[in-house]
Amino acid sequence: MITIAKRGRKCRIPGMFMVNPFVELISTLIQLYAYVLWAWLILSWLISFNVVNRYQPTVQKINFALFRLTDPPLKRIRKYMPNLGSFDISPIILILLLNFLDHLLIYYSVRM
């Protein structure tokens, strides 16, 4: 949040800048989606290394919800990716794209 608040037009508080509230809301939603993606990634690693029991009802519900939230954009990225065997770098690419989109949104909102 601090990086977002320091960009933009000056406000009355010395050293602080204002950003359009809608841009800040979209930026926050992008960051929240990145956190959901990280949660799905970590949970899938924990399941694959048998740290967490995948048949436990709570884990099944969380995994299903995270999968439903993250699978549509990851499926689109995997369509254009070459086959790397057991390595799936589509979550990393999606995180980089979300980060780029967030910075691009803030950059162009500050310039206006």
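Residues numbered from 1 in each chain as written. Predicted model: local features only at pLDDT ≥ 70, side-chain atom pairs only at ≥ 80, totals over all residues. Heavy atoms only, no water.

Caption draft 1: A look at helix α4 (residues 90–111). End to end, α4 covers 31 Å across 22 residues, agreeing with the expected 32 Å (1.5 Å per residue, within 8%). What α4 keeps buried is the set Ser 90, Pro 91, Leu 94, Ile 95, Leu 98, Asp 102, Ile 106 and Ser 109. Along the long axis of α4, the arc covered by the buried residues comes to 145°, so they all point the same way. Exposed residues on α4 whose side chains face more than 90 degrees from its buried face are Leu 96, Phe 100 and Arg 111. (Helix = DSSP H or I, 4+ residues; strand = E, 2+ residues; numbered from the N terminus. Expected span 1.5 Å × (residues − 1). Buried < 20%, exposed > 50% of the residue type's maximum accessible area, 1.4 Å probe, protein only. Arc of directions from axis to C-beta.)

Caption draft 2: Seen up close, the packing of aromatic side chains. Per the counting criterion, the structure on display carries one aromatic pair. Judged by centre distance (5.2 Å) and plane angle (75°), the rings of Tyr 107 and Tyr 108 are edge-to-face. (Phe/Tyr/Trp six-rings, centres within 6.5 Å; stacked < 30°, edge-to-face > 60°.)

Caption draft 3: Just the nonpolar core, in detail. Grouped together as the largest cluster of nonpolar side chains are 14 residues, with contacts concentrated most on Leu 37, Trp 40, Leu 43, Leu 74, Leu 94 and Leu 98. Where this core is concerned, the elements lending two or more residues are α2 (21–48), α3 (57–80) and α4. Broken down by element, the residue count for this core peaks at seven residues, all from α2. (Core = buried A, V, L, I, M, F, W, Y, C linked by side-chain atoms within 4.5 Å.)

Caption draft 4: Region of the structure containing the side chain of Ser 90. Looking at where Ser 90 falls in the secondary structure, it is placed in helix α4. Classification of Ser 90 as buried rests on a relative accessible area of 1%. When neighbours within four sequence positions are excluded, Ser 90 is seen to be in contact with Leu 74, Ile 77 and Arg 78. (Contact = heavy atoms within 4.5 Å.)

All we've got here are geometric facts, nothing functional implied.
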